[in-house]
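Below are the chains, spelled out letter by letter.
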Amino acid sequence: MHALTRRSWLKFAGFSAAAAGLLRAKPLRGAQDPVSMAGMSHGAHAMGPVGEADLSRFDPTTFLRAWNFSDVAPEDRARHYRETVRPDGTKLREYDLVAVDREIEIAPGIFFPAWTFNGQVPGPTIRATEGDRIKVNFYNQGSHPHTIHFHGWHHPSMDGSMPEHQVQVGDRFVYEFDAEPFGTHLYHCHSSPLKRHIHKGMYGAFLIDPRTPRPAADELIMVMNGFDTNFDADNEVYAVNTLANHYERHPIRVEVGRLVRMHVINVTEFDLINSLHLHGMFFDVYRTGTRTIVDDHTDTVMMCQGERVMLETRFRYPGRFMCHAHQSEFAELGWMGLFEAVETR
Ligand SMILES: [Cu+2]
C-alpha cells in the first residue's frame, strides 16, 4: 500500500503521457477491451489512470442495474434475500447484511482497507415498494462495532444511531420497518466516529418505489463517493460507485430516446459538496425522489453529503457524453465517466 497524497496520486496513477506509455507497455491485469484513452487526451495529458481493476470481485457496471441481490446467481440469492407476498398484496422483503472488513480496489492497482456491507462498497442496493415490510438481519463480523441507519420512517428503536444501538463484534440485530416514503434513500453505519465509519465504505442505496409505478425506464444507481487513502481527512480518490474512472474505461450504455432514470446519492465524506454534470443535454431533477413533480431542469446538480436526487432524461443523439463532478479537481481525481448512447431501432 503506497502512502498517497491528493497530488501524488495523479502522478502514481500515470496521468502524464510518458507514464501512460510506460504503464501501457505492461500486461493489463484482467483487461476487458479497455476504452482507448487516445481520443480522451490532449497535449501531454492523458485523462485517468491506465490499466484495469479486478472486476471479478466488484464490477461497477453490474452494480448500476442491480438491486435486491439480482446480480447474484439464483441458487445463492435466497441466502441473502427472500420476498413473501402478504395478504394485502404488499411484500415482506427480508435481507441478510453482514459487516466485514475487506480490502477493495478503488483505482487500477490502488487498494483501500474498507469496512463493508457484504464485502462490497457501496453495499447491496435495497429496493422495495411503498407499504412493503422490510426486515434486515444484520450480522457484525467486522472488527469494530457497527450499525445500519436507514433514511426513512421508522421507530426510534430501529434508528441504529444511539449508543444502545451499537451492534458489537460477533452480535446480530434485526431492523424491521415499513417502506416509506417513496424516494431515493440511503443506509449507512452510524457508529462513532461517524465520518470514519462512513468514509471506510459502510453505505448503500435504499430505494422505495411509489405504489403507483413510475413509467418504465432504464434505471441506474449512482453513488458518489471518495476515499482518503492516507487518513489525513482529505480524499485522494473520487468516483461514482467506488472505482475511479471506471465508466470512462467502460461507458454506461444507454438507448437513444429511451427514458433513463438515475438515482444519485452523495456519500462523499470530508468535502462539503459534490455534483454531477452531464454534457450535451439536460435532465429533470426530483429532489430526494419523494414527489412526482419536477423540481428543476438543468445539466448540473449539486449535492451535500447524504443528499440524493432522482434524475430523468432521454438521450437525443447517439454518441459519447461526458459525465463528471463539476468540481474539476474531483473529476481529475477519478469522478469522470462517459455515457454511450446507441440507436436500437
Ligand atoms: Cu461502522
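Residues numbered from 1 in each chain as written. Predicted model: local features only at pLDDT ≥ 70, side-chain atom pairs only at ≥ 80, totals over all residues. Heavy atoms only, no water.

*Asks:* Describe the overall build of the protein, naming the residues involved and giving the relevant values.
*Replies:* Assigned secondary structure in the protein consists of seven helices and 20 strands. Out of the 345 residues in the protein, the part that is buried amounts to 54%. Here the contacts in the protein between residues at least 6 apart in sequence split such that 71% fall between residues at least 24 apart. By element, 54% of the accessible surface of the protein is carried by carbon and sulfur atoms, the whole surface being about 15,000 Å². (Helix = DSSP H or I, 4+ residues; strand = E, 2+ residues; numbered from the N terminus. Buried < 20%, exposed > 50% of the residue type's maximum accessible area, 1.4 Å probe, protein only. Contact = heavy atoms within 4.5 Å. Areas by Shrake-Rupley, 256 points an atom, 1.4 Å probe, with all protein chains shown as cover.)

*Asks:* Go over the sheet that holds strand E6 (residues 149-150) with me, naming the residues and quoting the values.
*Replies:* A sheet is described by the order of its strands in space; here four strands give the open sequence E4-E9-E8-E6, paired in mixed fashion. Strands at the two margins of the open sheet, each flanked by one partner only, are strand E4 (126-129) and E6. (Pairing = 2+ DSSP bridges.)

*Asks:* Please provide a residue-by-residue account of the coordination of the copper ion, values included.
*Replies:* The copper ion binds to the protein through His146 (ND1), Cys189 (SG) and His197 (ND1), with metal-donor distances spanning 2.0 to 2.1 Å. For the copper ion, the donor residues sit on a single chain with the sequence spacing H-x42-C-x7-H. Taken as a pair, His146 in the loop between strand E5 (133-140) and E6 and Cys189 in the loop between strand E8 (183-188) and helix H5 (194-199) lie far apart in primary sequence, 43 residues in all. Assigned by exposure class, His146 and Cys189 land together as buried. (Donors = N, O, S within 2.8 Å, 3.2 Å for Na, K, Ca; no water.)

*Asks:* Kindly report on empty space enclosed by the protein, identifying the contributing residues and their values.
*Replies:* Over the atoms rolls a probe the size of a water molecule, and in doing so it shows where empty space is left. In this structure the tally under the stated criterion is one cavity of 30 Å³ or more. By volume, the largest cavity is sized at about 70 Å³. Lining the largest cavity we find 14 residues, and of these Val240, Tyr247, Trp335, Met336 and Gly337 sit closest to its centre. Of all the elements in the fold, those that place two or more residues in the lining of the largest cavity are helix H6 (246-249) and strand E20 (336-342). Ranked by residues supplied to the lining of the largest cavity, first place goes to E20 with four residues. Class assignment of the residues belonging to the lining of the largest cavity gives a composition of ten nonpolar, four polar and no charged. (1 Å grid on protein atoms, 1.4 Å probe; cavity = no way out; pocket = protein on both sides within 12 Å on 5 of 7 lines; lining within 4 Å. Points joined across faces, edges and corners; volume = space filled by probe spheres on them. Nonpolar A, V, L, I, M, F, W, Y, C, P; charged D, E, K, R; others polar.)

*Asks:* Would you mind going over the sheet that holds strand E11 (residues 237-240) in detail, with residue names and values included?
*Replies:* Strand order in the open sheet formed by six strands is E11-E10-E13-E18-E15-E16, and the pairing between neighbours is mixed. Each end of this open sheet is capped by a strand with a single partner; those strands are E11 and strand E16 (296-298). Strand-to-strand twist in this sheet, taken as the mean axis angle between neighbours without regard to direction, amounts to 25°. Inspection of the sheet shows strand E10 (residues 218-227) paired to E11 by four bridges, in the antiparallel sense. (Axes fitted to C-alpha atoms, helices over the stretch in contact; angles between N-to-C directions.)

*Asks:* How would you summarise the packing of aromatic side chains if you had to cite specific residues and measurements?
*Replies:* Here the structure, examined in full by the defined rule, presents 16 aromatic pairs. Centroid distance Phe117 to Tyr187: 5.3 Å. Interplanar angle 70°. Geometry classified as edge-to-face. Remark: Tyr187 occurs in strand E8 and Phe117 occurs in strand E3 (residues 110-117); sequence separation between them is 70 residues. An identical accessibility class is assigned to Phe117 and Tyr187; each is buried. Where Tyr238 meets Phe330, the ring centres are 4.1 Å apart and the plane angle is 10°; that geometry is what we call stacked. Of this pair, Tyr238 sits in strand E11 while Phe330 sits in helix H7 (residues 328-332), placing them 92 residues apart in sequence. A relative accessible area of 0% means that Tyr238 is categorised as buried. For Phe330, a relative accessible area of 5% puts it in the buried group. Taken together through their ring pairs, the aromatic side chains of Phe117, Phe138, Phe150, Phe173, Tyr175, Phe177, Tyr187 and Phe206 make up a single cluster. The ring of Trp67 has Arg127 sitting right over it, with the charged end atom 4.5 Å from the ring centre. (Phe/Tyr/Trp six-rings, centres within 6.5 Å; stacked < 30°, edge-to-face > 60°. Lys NZ or Arg CZ within 6 Å of the ring centre and 35° of its normal.)

*Asks:* Residues and numbers for the pattern of salt bridges, please.
*Replies:* Scanning the entire structure with this criterion turns up 21 salt bridges. One salt bridge in this structure joins Arg82 and Asp96, with 3.1 Å as the shortest N-O distance. Placement of Arg82 in strand E1 (residues 81-85) and of Asp96 in strand E2 (residues 91-107) is noted, with a sequence separation of 14 residues between them. Taken together, the shared-partner salt bridges in this structure form one network comprising Arg127, Asp209, Arg214, Glu219, Arg261 and Glu312. (Salt bridge = Lys/Arg side-chain N within 4 Å of Asp/Glu carboxyl O.)

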